Amino acid sequence: MAVIKVTRVLIPPRKLIVITAPSGAGKSSIVKKLLQQQPELSFSISCTTREKRPGETDGVHYYFMTVEEFKKKIAANEFAEYEEVYPNRFYGTLRSEMERVWRERKVVLFDIDVKGAVNLKKEFGEDCLTIFISPPSKESLINRLKNRGTEDTKSLKERIKRSEQELEFADKFDKIVLNKDFDTAYMRVKNLVISYLKPKTEHIL
Ligand code: 5GP
């Protein structure tokens, strides 16, 4: 009698890919390119209370809101995670935003700070891949922040201080990718994502 081998492909349910890094390590450029090249990924649009920068659109880059509106959402338990990343500047991920992406049968891609990334990993465990983008050195991080030109002097100082603290978090994540050269770092991240999302097969017979 012939033996039939049945293979059931398990579609990954409700997965998360979290790209995190100190501010200025280049994670947003990596996230942007991943979104262009990997149609199975969809960006988690965060809420924030910071000012909109030129070129940013509400509902595309962030959901911009007041501190009062943000605090109401905290009280209503609407966030999967949130942080006061800088004094009075809150950032957070709405559970409804993740549900929106999963309804489209896509994988949620995050660009968030290190503490938010640690919190998502704690909640979602194996369904969550966390990748830390590491700058080649502290000096390169400071230079990138300065050259970006998006911050005033006070805000720049806050960002530099915080970025230095964030570097200490590197070993808390599943993978660390050194961003010395953008193309190399991008390819490494892309390959990590592809291999994490590869459908697992289960041999039943
Ligand atoms: P920026 O003001 O430069 O857009 O973002 C500042 C920092 O906040 C970045 O490290 C960014 O990744 C992080 N961030 C953006 N959205 C979220 C979020 O929803 N939660 C957390 N914890 N951090 C976020």
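Please refer to the structure higher up on the page.
Residues numbered from 1 in each chain as written. Predicted model: local features only at pLDDT ≥ 70, side-chain atom pairs only at ≥ 80, totals over all residues. Heavy atoms only, no water.

K.L.:
So, the environment of Val-60: which residues are in play, and what are the values?
P.N.:
Locating Val-60 in the fold gives a position in the loop between β4 (46–48) and β5 (62–64). For Val-60, a relative accessible area of 47% corresponds to the partly exposed category. Val-60 has contacts with Phe-43 and Ile-45, leaving out every residue within four places of it along the chain. (Helix = DSSP H or I, 4+ residues; strand = E, 2+ residues; numbered from the N terminus. Buried < 20%, exposed > 50% of the residue type's maximum accessible area, 1.4 Å probe, protein only. Contact = heavy atoms within 4.5 Å.)

K.L.:
Pulling in residues and values, what's your account of the pattern of salt bridges?
P.N.:
The tally for this structure, following the rule as stated, stands at twelve salt bridges. The residue Arg-95 makes a salt bridge to Glu-123 at a minimum N-O spacing of 3.1 Å. Placement of Arg-95 in helix α3 (residues 95–103) and of Glu-123 in helix α4 (residues 114–124) is noted, with a sequence separation of 28 residues between them. The class for Arg-95 is partly exposed, based on a relative accessible area of 33%. A salt bridge links Glu-166 to Arg-162; the shortest N-O distance between them is 3.1 Å. One end of the pair, Glu-166, and the other, Arg-162, are both in helix α6 (residues 153–167), four residues apart, so they sit about a helical turn from each other. Looking at Glu-166, the relative accessible area reads 4%, which means it is buried. Each of Glu-97, Arg-100 and Glu-104 takes part in salt bridges that share partners, so that together they form one network. (Salt bridge = Lys/Arg side-chain N within 4 Å of Asp/Glu carboxyl O.)

K.L.:
Mind laying out the site of the ligand, listing which residues take part and the relevant values?
P.N.:
Lining the immediate surroundings of the ligand are 15 residues, of which Ser-46, Arg-50, Tyr-62, Tyr-91 and Asp-113 lie closest. In the environment of the ligand, an oxygen atom lies 2.5 Å from a nitrogen or oxygen atom belonging to the side chain of Tyr-62. Asp-113 is positioned such that a nitrogen or oxygen atom in its side chain is 2.6 Å from a nitrogen atom of the ligand. Protein chains bury 95% of the 510 Å² of accessible surface belonging to the ligand in isolation. For the shell around the ligand, the secondary-structure elements that each account for two or more residues are β6 (79–86), β7 (89–94) and β8 (107–112). Here the shell around the ligand takes three residues from β7, the largest share from any one element. Class assignment for the residues of the shell around the ligand results in three nonpolar, four polar and eight charged. (Near = heavy atom within 4 Å. Polar contact = N/O pair within 3.5 Å; in protein donor to acceptor, adjacent residues only side chain to side chain. Areas by Shrake-Rupley, 256 points an atom, 1.4 Å probe, with all protein chains shown as cover. Nonpolar A, V, L, I, M, F, W, Y, C, P; charged D, E, K, R; others polar.)

K.L.:
So what about the packing of aromatic side chains? Which residues, and what values?
P.N.:
Counted according to the given criterion, the structure contains nine aromatic pairs. Aromatic side chains Phe-70 and Phe-79 sit 4.5 Å apart centroid to centroid with 20 degrees between the ring planes, which places their arrangement in the stacked category. A single burial state applies to Phe-70 and to Phe-79, both of which are buried. Cluster of aromatic residues (ring-pair linked, three or more members): Phe-70, Phe-79, Tyr-82 and Phe-90. Seen from the ring of Tyr-86, Arg-162 lies directly overhead, with NZ or CZ sitting 5.9 Å from the centre. When the ring centre of Phe-169 is taken as reference, the NZ or CZ atom of Lys-172 above it lies at 5.9 Å. (Phe/Tyr/Trp six-rings, centres within 6.5 Å; stacked < 30°, edge-to-face > 60°. Lys NZ or Arg CZ within 6 Å of the ring centre and 35° of its normal.)

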